[in-house]
Amino acid sequence: MAILVVAAHDGKTVRSNVANAVAAAGQMGSDVTVLVAGSNCAEAAKSAAALQGVAKVLQAEDAAYANWVAEDIAPLVVKLAPGYSHVVMAADSVGKNVAPRVAALLDVAQVSEAIQVVSPDTFVRPIYAGNAMATVQTADKIKVVTIRPTNFKAVAAGGSAPIEQIGGEGAKGLSSYVGAELSKSERPELTSAKIVISGGRGLASGENFKLLETLADKLGAGLGASRAAVDAGYVPNDYQVGQTGKVVAPDLYIAVGISGAIQHLAGMKDSKTIVAINKDEEAPIFQVADYGIVGDLFQIVPELTAAVEKK
Amino acid sequence: MKVLVAVKRVIDYNVKIRVKADNTGVETANVKMSMNPFDEIAVEEAIRMKEKGAATEIIAFSAGPAQCQETIRTALAMGADRGVLVQSDTELQPLAVAKLLKAVVDKEQPGLVIVGKQAIDDDSNQTGQMLAALLGWSQGTFANKLNVADGTAEVKREVDGGLENIKIKLPAVITTDLRLNEPRYASLPNIMKAKKKPIETLTADALGVDVAPRLKVLKVEEPPKRKAGIKVKTVAELVDKLRNEAGVI
C-alpha cells in the first residue's frame, strides 16, 4: 500500500516531526511518498528525500503554498490522495489545520493523534485528555491519519529518494497570510528538546522564570510551563505543555512547582525520566516522577544549577 | 449578520474519567455533563460580537440525545437567541456533525460559524475544519483573537512557536482556542429568560444526512500507568541519580 506523508517545512528543511510521521507511515505500508508543497521549497524537498524509508518525494511549487494556507493546500492533497491508501500528517498546528479539511473533501473519517499503529486500518489514540485509550478501526478507502510525533521514533537520515516535480493548484483566494509573531528563543524547541524544564504556579511570577532559564541554559534544555502558569500570565502561551498545549517526550523532564493536573500529565508522561520539585509532598506530580524532591524550589533550583555546573 | 455556534454536551471537565469494565467506552451513567469548554468560548465570542453590533442573531446548535437541550439552554442563558437541536441517539462522529451543521447552515445562512477547536471527550479537533471544507468556506482555526469587519475576519491563530495572523473572507468557520476570551456565567434572570427562548428540534433523516459512524471503536482501555519513583533528600543525590542511574545529564 502506498502512503502519502504531507510534510510541513520552513522552506529549507522539513520539520523534524516529518521523520516521526515517515516512521509511522512505514508501519501502515511500505511505499512512502512525501509531499513537500511550498514556494521555493527545493531545499526542503531534498531534506525529505534524505529521510530513510522515503521512496519518493513530490515537490509542488506554487506561490499559493508559501504559508500553509489550508484552503489552498487541501485541494492539492485531495487531488493526489486517490493514488494512496493513507494520508499521514504530524499532529502539529499545520496537520491539525489541514488534515480534517482533506478528510471532509474526500468524505472520509479522520483518525486524530494516533499513538500506535495496530494494523493498516486500526490505530490507538488517546481520548479524554489521555485518560483513556481508544482502539479505532476505519473502513474508509483512503485513511486520513494524524500521528502524535513523540510516540514514533524518528527515521534516520541517509536516504536518497528521487524528487518529482508536480504542479500546484493555485490559490483559492479565501484566506491570506498576514504575518507571524513567533517567540524568539535561543533555546531548543520544546517538542524536539532532549531536556525540558517546566515551571508552574509555584514559580509565583514571570520574573521568577529566570531561575529556570539559568538552569535550562546550563543543561541546553527547552523551557515549558503548565497551563496554570500560562493562564497567570507568567510566560507566553506557546510554552504550555499539556493536552491543550504541546505534547513532549524528552529524555529528561523537570517539573518545577507544578502540581500535576491531569491535563498537564497528558502532555509529558511519555518522557523517559521525570523529575519533580514541589513543596507539597502530596502533589500528584510525584505519582509519575522517577525522582521527586520535596522542598522550596527557590532553594533547590539554584542548588541544582550550581551542582550541574560542577562536572 | 447571523452567527451560528455549535455546542457539545460532554462529561464535565472536573469529573474523573472511568473506563467501563467491559472496555466498550467510558462511564457516562450518573456523571455530571456540561458544555464543552471550548464551545463556551465560542458562545461568548458570538455574544461579544452581538454586543458590539457585529452580529444580529445568535443560533446555538447541538446534535445528540434529547438531553443536549440542556446544553443549548445554557448557551441561551449566556445570551444566544434561539436553538437548533438535531436529535439523534446514534454516536455522532465529527464528519457526521459537520454534515449536520452544513445542512443547518444551508437553511439558516449565517455569515459566521464559531465552534470550539476540539471537544474534551474525543479530542478529535476536526469538526470546524470539516464544516469549512464541506461549505467551501475559509477557516480560522485555533483563534486567539477575532476581529470581523467589512466582509473579512482578521484572525490571530495559536500555532507552533507562537501566533499567526491571517485575513479570511466571510462567510467563514472559526474554531476557538483557550485564550480567545473568558466565558461569562449565566445570571439567574437570564437562566429564567432562556427557558422561554425557542429550540427547534430536527432529525438527521429530515435533513437528509447519513450519520452512520465511520470509525469503529474496538475497545477503550485505561492508559498504561507510570509507576511512582523515589523521593530523594538532597540535590546532590538527585544529580548523582540523573548522572549515574538515569544517565540523562
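Residues numbered from 1 in each chain as written. Chains lettered and ligands numbered in written order. Predicted model: local features only at pLDDT ≥ 70, side-chain atom pairs only at ≥ 80, totals over all residues. Heavy atoms only, no water.

Trainee: Describe in detail the overall build of chain A, supporting the description with residues and values.
Mentor: Scanning chain A from N- to C-terminus turns up 8 helices and 16 strands. If you line up chain A on its principal axes, its C-alpha atoms span 60 × 40 × 40 Å. The buried share among the 311 residues of chain A stands at 61%. Nonlocal contacts in chain A, meaning residues at least 24 apart in sequence, comprise 65% of its contacts between residues at least 6 apart. When the accessible surface of chain A is totalled, it reaches about 11500 Å², and 50% of it is carbon and sulfur. (Helix = DSSP H or I, 4+ residues; strand = E, 2+ residues; numbered from the N terminus. Buried < 20%, exposed > 50% of the residue type's maximum accessible area, 1.4 Å probe, protein only. Contact = heavy atoms within 4.5 Å. Areas by Shrake-Rupley, 256 points an atom, 1.4 Å probe, with all protein chains shown as cover.)

Trainee: For helix H3 (residues 70-80) of chain A, give the residues involved together with the corresponding values.
Mentor: Taken across its 11 residues, H3 of chain A has 10 buried, putting it largely inside the fold. Of all the positions in H3 of chain A, only Ala70, Glu71, Asp72, Ile73, Ala74, Pro75, Leu76, Val77, Val78 and Leu80 of chain A are classed as buried.

Trainee: Can you break down the sheet that holds strand E11 (residues 199-203) of chain B residue by residue, with the values?
Mentor: The pairing of strands in a sheet happens through backbone hydrogen bonds and is either parallel or antiparallel. The 10 strands are arranged E11(A)-E9(B)-E8(B)-E7(B)-E10(B)-E6(B)-E1(B)-E4(B)-E5(B)-E11(B) in an open sheet whose pairing can be described as mixed. What marks the edges here is a single partner per strand, and that holds for strand E11 (175-182) of chain A together with E11 of chain B. Here the strands of the sheet are splayed against their neighbours by 30° on average, with no regard to which way each runs. Sheet strands touched by helix H1 (residues 37-51) of chain B: strand E1 (2-6), strand E4 (57-64), strand E6 (112-116), strand E7 (138-149) and strand E10 (172-176) of chain B. Its angle to E6 of chain B, the strand with the most contacts, is close to 150°. Helix H2 (residues 68-78) of chain B rests against E4, strand E5 (82-87) and E11 of chain B of the sheet, and its axis sits at about 165° to E5 of chain B. (Pairing = 2+ DSSP bridges. Axes fitted to C-alpha atoms, helices over the stretch in contact; angles between N-to-C directions.)

Trainee: Which residues make up the nonpolar core, and what values go with them?
Mentor: Leu35 of chain A together with Phe61 and Leu100 of chain B are the most contacted members of the largest nonpolar core, which totals 63 residues. Sorting elements by how many residues they give to this core places helix H3 (residues 94-108) of chain B first, with 9 residues. Once residues within four sequence positions are removed from consideration, Leu100 of chain B is found in contact with Phe61, Ala63, Val86, Leu92, Ala204, Leu207, Val209 and Val211 of chain B. (Core = buried A, V, L, I, M, F, W, Y, C linked by side-chain atoms within 4.5 Å.)

Trainee: Describe the side chain of Asp140 of chain A, naming the residues involved and giving the relevant values.
Mentor: Checked against the element boundaries, Asp140 of chain A lands in the loop between strand E8 (132-138) and strand E9 (143-147). At 3.1 Å, the side chain of Asp140 of chain A forms a polar contact with the side chain of Arg214 of chain B. Ignoring sequence-local partners within four residues, the contact set of Asp140 of chain A consists of Asp107, Val108 and Ala109 of chain A together with Arg214 of chain B. (Polar contact = N/O pair within 3.5 Å; in protein donor to acceptor, adjacent residues only side chain to side chain.)

Trainee: Provide a residue-level description of a nonpolar patch on the surface, including the pertinent values.
Mentor: Residues and elements named next belong to chain B. Taken together, the side chains of Leu188, Ile191 and Met192 present a nonpolar region at the surface, about 290 Å² in accessible area. With respect to the helices, strands and loops of the structure, Leu188 is situated in helix H5 (residues 188-194). For Leu188, a relative accessible area of 61% gives the class exposed. (Patch = residues over 30% accessible without salt bridge, like charges linked within 9 Å, V, L, I, M, F, W, Y side chains within 5 Å. Salt bridge = Lys/Arg side-chain N within 4 Å of Asp/Glu carboxyl O.)

Trainee: Can you explain the pairing of strand E2 (residues 31-38) of chain A? Please cite residues and give values.
Mentor: Put simply, side chains in a regular strand alternate between the two faces of the sheet. Residues and elements named next belong to chain A. For E2, a buried count of 7 out of 8 residues is recorded, marking the element as mostly surrounded by other parts of the structure. Here 6 bridges tie strand E1 (residues 2-7) to E2, and the two strands are oriented parallel to one another. Looking at the pairing, Ala2 lines up with Asp31 of E2. Taking the sense of rotation as the criterion, the β-α-β connection linking E1, helix H1 (residues 17-26) and E2 turns out right-handed. (Right-handed = clockwise from strand over helix to strand, strands pointing away.)

Trainee: So what's going on with the sheet that holds strand E16 (residues 291-294) of chain A? Which residues, and what values?
Mentor: Strand order in the open sheet formed by 6 strands is E13(A)-E12(A)-E14(A)-E15(A)-E16(A)-E13(B), with parallel pairing between adjacent strands. A strand with exactly one partner marks an edge of an open sheet, and here the two such strands are strand E13 (222-225) of chain A together with strand E13 (230-231) of chain B. Sheet topology note: the strand E15 (residues 273-278) of chain A/E16 of chain A ladder contains 4 bridges and is parallel. From the neighbouring strand, Ile277 of chain A faces E16 of chain A, where its bridge partner is Ile293 of chain A. Strand contacts of helix H8 (residues 297-309) of chain A: strand E14 (252-256), E15 and E16 of chain A, with the helix running at about 135° to E15 of chain A, the strand carrying the most contacts. Each of E14, E15 and E16 of chain A together with E13 of chain B is contacted by helix H7 (residues 235-245) of chain B, which is oriented at about 170° to E16 of chain A, the strand it contacts most.

Trainee: Give a detailed account of the packing of aromatic side chains, specifying residues and quantitative values.
Mentor: Here the structure, examined in full by the defined rule, presents 0 aromatic pairs over all chains. One residue, Lys231 of chain B, lies across the ring of Phe286 of chain A, its end atom 4.7 Å from the ring centre. (Phe/Tyr/Trp six-rings, centres within 6.5 Å; stacked < 30°, edge-to-face > 60°. Lys NZ or Arg CZ within 6 Å of the ring centre and 35° of its normal.)

Trainee: Provide a residue-level description of the interface of chain A and chain B, including the pertinent values.
Mentor: Note on interface size: it is often stated as the accessible area lost on association of the parts. Taken residue by residue, the interface counts 83 residues in chain A and 72 residues in chain B. Both faces considered, chain A and chain B share a buried interface measuring about 6400 Å² in area, 54% of it formed by carbon and sulfur atoms. Contact with chain B buries area across many residues of chain A, yet Tyr128, Glu181 and Tyr291 of chain A alone supply 12% of it, more than any other trio. Linking chain A to chain B there are 7 salt bridges. Between Arg15 of chain A and Asp160 of chain B there is a salt bridge; the shortest N-O distance is 2.9 Å. In this structure, the connection of chain A to chain B is made through 47 residue pairs in polar contact (both at pLDDT 80 or more). Within the side of chain A that touches chain B, the residues separate by chemical class into 38 nonpolar, 23 polar and 22 charged. (Buried area = accessible area lost by both parts, 1.4 Å probe. Nonpolar A, V, L, I, M, F, W, Y, C, P; charged D, E, K, R; others polar.)

Trainee: Got a sec to walk through the packing of H3 of chain A against helix H4 (residues 93-106) of chain A? Specific residues and values, please.
Mentor: Residue and element names in this part refer to chain A. Where H3 contacts H4, the two axes come as close as 9 Å, and the packing angle between them is 50°. With respect to H4, the element H3 is oriented oblique. Both H3 and H4 take part in a crossing whose hand is right-handed. Judged by residue contacts, Ala70, Glu71, Ile73, Ala74, Val77 and Val78 of H3 engage Asn97, Val98, Arg101, Val102, Leu105 and Leu106 from H4. In the contact of H3 with H4, the residues fall into 9 nonpolar, 1 polar and 2 charged. (Parallel < 35°, antiparallel > 145°, perpendicular 65-115°, else oblique. Left-handed = near helix turned anticlockwise from the far one by under 90°.)

Trainee: Explain the confidence of the model for chain B residue by residue, including any values.
Mentor: Do not read the predicted coordinates in detail wherever pLDDT is low. Averaged over chain B, the pLDDT score is 96; the fraction of residues at 70 or greater is 100%. The ipTM value of the predicted complex is 0.95, and its pTM value is 0.93. (pLDDT = per-residue confidence, 0-100.)

Trainee: I'd love a proper account of helix H2 (residues 42-49) of chain A, names of residues and values included.
Mentor: Among the residues of H2 of chain A, those classed as buried are Ala44, Ala45, Ser47, Ala48 and Ala49 of chain A. Those residues of H2 of chain A that are buried are in contact with E2, strand E3 (54-61) and strand E10 (163-167) of chain A.

Trainee: Tell me what's going on with the packing of H3 of chain B against helix H4 (residues 127-135) of chain B, and back it up with residues and numbers.
Mentor: All names here are of chain B. Packing of H3 against H4 brings their axes to within 8 Å, and their N-to-C directions diverge by 50°. As far as their axial angle goes, H4 and H3 are oblique. When the axes of H3 and H4 are compared, the crossing they make is right-handed. Between H3 and H4, the residues in contact are Pro94, Leu95, Val97, Ala98, Lys99, Leu101, Lys102, Val105 and Asp106 and Thr127, Met130, Leu131, Leu134 and Leu135, respectively. Within the contact of H3 with H4, the residues separate by chemical class into 10 nonpolar, 1 polar and 3 charged.

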